[in-house]
Amino acid sequence: QVQLVESGGGLVQPGGSLRLSCAASGTISRINSMGWYRQAPGKQRELVATITSGGTSQYTDSVKGRFTISRDNAKNTVYLQMNSLGPEDTAIYYCNVKNVFIRSYDYWGQGIQVTVSS
């Protein structure tokens, strides 16, 4: 089992920044992908960014140039630096870890609220 705990969310004004953190504990596969997803009211959950244990990252188009995903393998922690935030970024953000070769290895955090409002 894997437990994921998110932190760093909250309320921020448009144009501001936040950094989300997600710490994983339990049985961690050495080869894995960690990422962030988000779900806004009335919308389906969408991918924000992912990063592999080797450091390869991908982003959805709407956050490219504004968000940066990174990870600390020694701490089993993934981060999401969010800059130039706008109201469209308001959502619950969920941390995820998976093994791309094992379908059943797929875990989610509880989610953390990010609100961008003036």
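Here's a quick rundown of the structure. (Residues numbered from 1 in each chain as written. Predicted model: local features only at pLDDT ≥ 70, side-chain atom pairs only at ≥ 80, totals over all residues. Heavy atoms only, no water.)

Applying the stated rule across the entire model yields four salt bridges. Of the charged contacts in the structure, one is a salt bridge between Asp89 and Arg38, with a shortest N-O distance of 3.0 Å. Within this pair, whereas Asp89 is found in the loop between strand 8 (77–82) and strand 9 (91–99), its partner Arg38 is found in strand 4 (residues 33–39), the two being separated by 51 residues in sequence. Accessibility classification places Asp89 together with Arg38 in one group, the buried group. Here Asp61 makes a salt bridge to Lys64, at a shortest N to O gap of 3.0 Å. Connected via shared salt-bridge partners are Arg38, Glu46, Arg66 and Asp89. (Salt bridge = Lys/Arg side-chain N within 4 Å of Asp/Glu carboxyl O. Helix = DSSP H or I, 4+ residues; strand = E, 2+ residues; numbered from the N terminus. Buried < 20%, exposed > 50% of the residue type's maximum accessible area, 1.4 Å probe, protein only.)

As a further point, take the packing of aromatic side chains. Across all of its chains, the model carries two aromatic pairs by this definition. Pairing Tyr105 with Tyr107 gives two aromatic rings, centres 5.2 Å apart and planes at 85°, and the pair type is edge-to-face. Take Tyr105: its relative accessible area is 12%, and that puts it in the buried class. For Tyr107, a relative accessible area of 18% translates into the label buried. The ring of Trp108 has Arg45 lying over it, and the distance from NZ or CZ to the ring centre is 4.8 Å. (Phe/Tyr/Trp six-rings, centres within 6.5 Å; stacked < 30°, edge-to-face > 60°. Lys NZ or Arg CZ within 6 Å of the ring centre and 35° of its normal.)

Time to look at unusual backbone geometry. Phi at Asn76 is positive, roughly 50°, even though this residue is not glycine. Positive phi outside glycine occurs at Ser84, with the angle close to 50°.

Bringing the pairing of strand 4 into the picture now. The buried fraction of strand 4 is high, at six of seven residues. With six bridges joining them, strand 4 and strand 5 (residues 46–52) adopt antiparallel strand pairing. The residue bridging Trp36 from the neighbouring strand is Ala49, located in strand 5. (Pairing = 2+ DSSP bridges.)

Among the structural elements, Asn32 can be located in the loop between strand 3 (18–26) and strand 4. There is a polar contact of 2.6 Å between the side chain of Asn32 and the backbone oxygen of Ser29. Polar side-chain contacts of Asn32 include one of 2.8 Å to the side chain of Arg71. Apart from the residues lying within four places of it in its own chain, the contact partners of Asn32 are Ile51, Thr52, Ser53, Arg71, Val97 and Lys98. (Polar contact = N/O pair within 3.5 Å; in protein donor to acceptor, adjacent residues only side chain to side chain. Contact = heavy atoms within 4.5 Å.)

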